[in-house]
Amino acid sequence: DNVIHRQKKIQSSLNKQRSITLFHSGIKSEATRKSYSWYLDLFLNHFMIKSYDKLLTIEPKKLQEMIEDYLIYEKSRNISASFIAGKICALKLFFAMNDVTLNWIKLQKMIPEKTKSAGDLAYTTEQIDTLLKHNSHSFYRALIHFMASSGVRVGAFRELKMSHLKDMPNGCKSVLVYADTIHEYHTFIHKEAVESLNEYLDSRRKKGEIINDDSWVFCSPRDCKKSSQVHTMSAGLCRYVTKTFGRKKVSEHRYDLMSCHGFRKRFATVLKSNNAVNRNITERLMGHSVSI
């Protein structure tokens, strides 16, 4: 307990530094703030630098060499180009917000070329049926139905509330995804998904929760006032999928079938393979921008 308290105290002190305050002020998304802060901390830990402000005392020429060496080290570990690019984006924003000029063109050129992503398979209808048959947990049954029928990314549930769902004909519902942001779009869930969602909501009501427009569609199992954490959903589905029919590992951290994104891949595959569905409609339902 003393160690945890000490760590929290140190982190609190770090977060009060002007450099990190400016860094965070340049980030609009909470999810991006968390990931970029993590990337920045990895860089500090790599060079054993104790504070964000301390990083700014290093001469730009030396900083340039440090980031170049860091890139070379990361490439030697054979991690994904996207992961490396994310780290560089975080560092670029940190130094830009603190008025430090570096040669980012050179650093961008050092990032390895992206390769085709592993985990490119989509769920089949049979696999989804199998998942549902072997899963009695109302939370995950509702989640599987919701993702399979709507094609939403798992991250969308972070801000999804009951007010974002509206009744539609034939027992369906419309879903407003990323409400009140520039990425806002509509998709839909079918009658079977609505019924499964209602079963999950009823299980919450039986525990005493009052469901209203401000309630989360999927809430934390420990606190209904908080939305369910994305990593909790992903980890849970990963366990269920692997246990139910197994998956092939194609890299250190990837499987041929991604536990969450596989539902979105299926949604896109079903729509794009149907010639009766307009391509622009498919893109809109996926939340992709469409040129008119």
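Residues numbered from 1 in each chain as written. Predicted model: local features only at pLDDT ≥ 70, side-chain atom pairs only at ≥ 80, totals over all residues. Heavy atoms only, no water.

Participant: How would you summarise the sheet that holds strand 3 (residues 185-189) if you had to cite specific residues and measurements?
Facilitator: The strand order across the open sheet built from three strands is 1-2-3, with neighbouring strands paired in antiparallel fashion. Looking at the sheet topology across the chains shown, the edges are occupied by strand 1 (165-167) and strand 3. Mean inter-strand twist for the sheet, computed between neighbouring axes without regard to direction, equals 30 degrees. Across the sheet, helix 9 (residues 138-150) touches strand 1, strand 2 (173-177) and strand 3, and the angle it forms with strand 3 is around 120 degrees. Contacts from helix 10 (residues 191-206) reach strand 1, strand 2 and strand 3 within the one sheet, and its direction differs from that of strand 3 by about 85 degrees. (Pairing = 2+ DSSP bridges. Helix = DSSP H or I, 4+ residues; strand = E, 2+ residues; numbered from the N terminus. Axes fitted to C-alpha atoms, helices over the stretch in contact; angles between N-to-C directions. Contact = heavy atoms within 4.5 Å.)

Participant: Please give an account of the side chain of Gln17 that cites residues and values.
Facilitator: On the secondary structure map, Gln17 appears in the loop between helix 1 (2-15) and helix 2 (18-25). For Gln17, the residues in contact, after removing those within four places along its chain, are Ser51, Tyr52 and Asp53.

Participant: Outline unusual backbone geometry, listing residues and values.
Facilitator: Positive phi is not limited to glycine here, since Asp99 has a value of about 60 degrees. One can find Asp99 in the loop between helix 6 (81-97) and helix 7 (104-110). On the accessibility criterion, Asp99 (72% relative accessible area) is exposed. Positive phi values are uncommon outside glycine, yet Asp180 reaches one of about 65 degrees. (Buried < 20%, exposed > 50% of the residue type's maximum accessible area, 1.4 Å probe, protein only.)

Participant: Tell me about the side chain of Ser150, residues and numbers included.
Facilitator: By the secondary structure assignment, Ser150 is in helix 9. The exposure class of Ser150 is buried, given its relative accessible area of 0%. From its side chain, Ser150 meets the backbone oxygen of Phe146 in a polar contact 2.6 Å long. Discounting chain neighbours no more than four positions away, the residues touching Ser150 are Thr187, Phe188, Ile189, Phe267 and Leu285. (Polar contact = N/O pair within 3.5 Å; in protein donor to acceptor, adjacent residues only side chain to side chain.)

Participant: Let's hear about the packing of helix 2 against helix 3 (residues 30-46): which residues, and what values?
Facilitator: Taken N-terminus to C-terminus, the directions of helix 2 and helix 3 make an angle of 140 degrees; their axes are 10 Å apart at the nearest point. Viewed along their axes, helix 2 and helix 3 adopt a mutual orientation that is oblique. As for how helix 2 packs across helix 3, the hand of that crossing is right-handed. On helix 3, the residues touching Ile20, Phe23 and His24 of helix 2 are Arg33, Tyr36, Ser37 and Leu40. (Parallel < 35°, antiparallel > 145°, perpendicular 65-115°, else oblique. Left-handed = near helix turned anticlockwise from the far one by under 90°.)

Participant: Report on helix 11 (residues 230-245), specifying residues and quantitative values.
Facilitator: One turn of an α-helix holds 3.6 residues; hence residues three or four places apart share an orientation. With 16 residues, helix 11 ought to run about 22 Å at 1.5 Å a step, and its terminal C-alpha atoms sit 23 Å apart, in line with that. Every buried residue of helix 11 is listed here: Val230, Met233, Gly236, Leu237 and Val241. Looking straight down helix 11, one finds its buried side chains confined to an arc of 140 degrees; they lie on one side. Opposite the buried face of helix 11, by more than 90 degrees, sit the exposed residues His231, Arg239 and Lys243. Here the buried face of helix 11 lies against helix 8 (125-133), helix 9 and helix 12 (261-272). Backbone geometry just after helix 11 places Gly246 at a positive phi near 70 degrees. (Expected span 1.5 Å × (residues − 1). Arc of directions from axis to C-beta.)

Participant: Pulling in residues and values, what's your account of the packing of aromatic side chains?
Facilitator: Tallying each qualifying case throughout the model produces 19 aromatic pairs. Look at Tyr36 and Tyr39: their rings are 6.4 Å apart centre to centre, the planes differ by 40 degrees, and that puts the pair in the tilted class. Taken together, the residues span about one helical turn, with Tyr36 and Tyr39 both in helix 3 at a distance of three residues. Using a relative accessible area of 19% as the deciding quantity, one classes Tyr36 as buried. You can call Tyr39 buried: its relative accessible area is 13%. Aromatic side chains Phe43 and Tyr70 sit 5.1 Å apart centroid to centroid with 85 degrees between the ring planes, which places their arrangement in the edge-to-face category. Placement of the pair is Phe43 in helix 3 and Tyr70 in helix 5 (residues 60-76), with a sequence separation of 27 residues. Each member of the pair, Phe43 as well as Tyr70, is classed as buried. Among the aromatic residues, those joined into a cluster by ring pairs are Phe139, Tyr140, Phe146, Phe157, Tyr200, Phe218 and Tyr240. Directly above the ring of Trp216 sits Lys161, whose terminal nitrogen or CZ lies 4.8 Å from the centroid. (Phe/Tyr/Trp six-rings, centres within 6.5 Å; stacked < 30°, edge-to-face > 60°. Lys NZ or Arg CZ within 6 Å of the ring centre and 35° of its normal.)

Participant: Can you lay out the nonpolar core for me, pointing to particular residues and giving the numbers?
Facilitator: If you look at the biggest cluster of nonpolar residues, it comprises 40 residues, and the most contacted ones within it are Leu143, Phe146, Phe157, Leu197, Phe218 and Phe263. Contributions of two or more residues to this core are made by helix 8, helix 9, strand 2, strand 3, helix 10 and helix 11. When residues in this core are grouped by element, the largest group, eight residues, is from helix 9. Sequence-distant contacts of Leu143, that is, excluding residues within four places in its chain, are made with Phe157, Phe218, Met233 and Leu237. (Core = buried A, V, L, I, M, F, W, Y, C linked by side-chain atoms within 4.5 Å.)

No statement about biological role is implied by the geometric values presented.
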